Amino acid sequence: MGMSVTISVATGQDADQIFRLRYLCFQSEAALYGNYRIDPLVQSLDSVRAEVASDCVFVARLGDEVVGSVHGTLLDDGTASIGKLCVHPRLQGHGIGARLLRAAESALAGERGATRFRLSAGRRSEGNLRLYRRVGYETVGTSQGQDGVPMVVLEKPAGAYAATA
């Protein structure tokens, strides 16, 4: 009998695994843009620990292994910024990313009062953009990341978070 993936709030004990998982998962994004200075690849372990302690961070677990994570934080205007969504490459394409998004959206709206959700993806990151659009996000603009990567900015109202179900 196989193990099933569970979604839960990250704890301080998960920070090391989240840090390593992000580094693994974002290699393909870095290669896509020829830029290995993207935020998840240069983020320190201490800053991951700080995110887990203060923000809305969920993990996907397969047994004791963290195989996915997502980070969310509430901005002053009631918008929840969601980012650093990643799923271990061997488990991508099985709905884990959508489940992580749903968990973050639910907590950010229900517990933190978010009125809308915002996330961004690299312009060439078609798989990520497909996922976000499939779960109800719409393009609202473009930006350039601090690392120089051209980004697509997407949003959806918090009342629509059930659409990711």
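As a reminder, the structure under discussion sits directly above these lines.
Structural notes, computed from the coordinates. (Residues numbered from 1 in each chain as written. Predicted model: local features only at pLDDT ≥ 70, side-chain atom pairs only at ≥ 80, totals over all residues. Heavy atoms only, no water.)

### Concerning unusual backbone geometry
Of note in this structure, Lys 84 is not a glycine but carries a positive phi near 55 degrees. Position of Lys 84 relative to the elements: it lies in strand 4 (residues 79-87). (Helix = DSSP H or I, 4+ residues; strand = E, 2+ residues; numbered from the N terminus.)

### Digging into the pattern of salt bridges
Two side chains of opposite charge can pair, provided their charged atoms sit close to one another. For the structure shown, the criterion picks out 11 salt bridges. In this structure, Lys 84 and Glu 51 form a salt bridge, with 2.7 Å as the shortest nitrogen-oxygen distance. Residue Lys 84 is found in strand 4, and its partner Glu 51 is found in helix 4 (residues 45-54); the two are separated by 33 residues along the sequence. The two residues Lys 84 and Glu 51 agree in class, both being buried. Glu 155 is paired through a salt bridge with Arg 118; the nearest N and O atoms lie 2.7 Å apart. Taken together, the residues span a long stretch of sequence, with Glu 155 in strand 7 (residues 150-157) and Arg 118 in strand 5 (residues 116-122) at a distance of 37 residues. A cluster of three or more residues bridged by salt bridges with shared partners is formed by Arg 22, Asp 39, Glu 51 and Lys 84. (Salt bridge = Lys/Arg side-chain N within 4 Å of Asp/Glu carboxyl O. Buried < 20%, exposed > 50% of the residue type's maximum accessible area, 1.4 Å probe, protein only.)

### Notes on the packing of helix 5 (residues 96-110) against helix 6 (residues 126-134)
Contact geometry for helix 5 and helix 6: axes closest at 11 Å, N-to-C directions at 50 degrees. As far as their axial angle goes, helix 6 and helix 5 are oblique. Judged by the sense of rotation from one axis to the other, the crossing of helix 5 with helix 6 is right-handed. Between helix 5, through Gly 97, Ala 98 and Leu 101, and helix 6, the contact on the second element is made entirely by Leu 131, Tyr 132 and Arg 134. Grouping the amino acids of the contact of helix 5 with helix 6 by side-chain chemistry returns four nonpolar, one polar and one charged. (Axes fitted to C-alpha atoms, helices over the stretch in contact; angles between N-to-C directions. Parallel < 35°, antiparallel > 145°, perpendicular 65-115°, else oblique. Left-handed = near helix turned anticlockwise from the far one by under 90°. Contact = heavy atoms within 4.5 Å. Nonpolar A, V, L, I, M, F, W, Y, C, P; charged D, E, K, R; others polar.)

### Let's talk about the state of the cysteines
One pass over the full model with this rule turns up zero disulfides. Free of any disulfide, Cys 56 has its nearest cysteine sulfur in Cys 86, 15 Å distant. Among the residues examined, Cys 56 registers a relative accessible area of 5% and is labelled buried. A disulfide-free cysteine, Cys 86 has its sulfur positioned 4.2 Å from the sulfur of Cys 25, the nearest such atom. The exposure class assigned to Cys 86 is buried, which follows from its relative accessible area of 4%. (Disulfide = S-S within 2.5 Å.)

### With respect to the sheet that holds strand 3 (residues 65-74)
Strand order in the open sheet formed by seven strands is 1-2-3-4-5-7-6, and the pairing between neighbours is mixed. Taken across any chain shown, the strands that pair with only one partner, and hence form the sheet edges, are strand 1 (5-9) and strand 6 (138-144). The mean inter-strand angle of the sheet, taken between neighbouring strand axes irrespective of direction, is 25 degrees. Where strand 2 (residues 56-62) meets strand 3, seven bridges bridge the pair, whose relative direction is antiparallel. By the bridge assignment for strand 3, Leu 62 is matched with Glu 65. Strands strand 4, strand 5, strand 6 and strand 7 of the sheet are contacted by helix 6, whose axis makes an angle of about 160 degrees with strand 5. (Pairing = 2+ DSSP bridges.)

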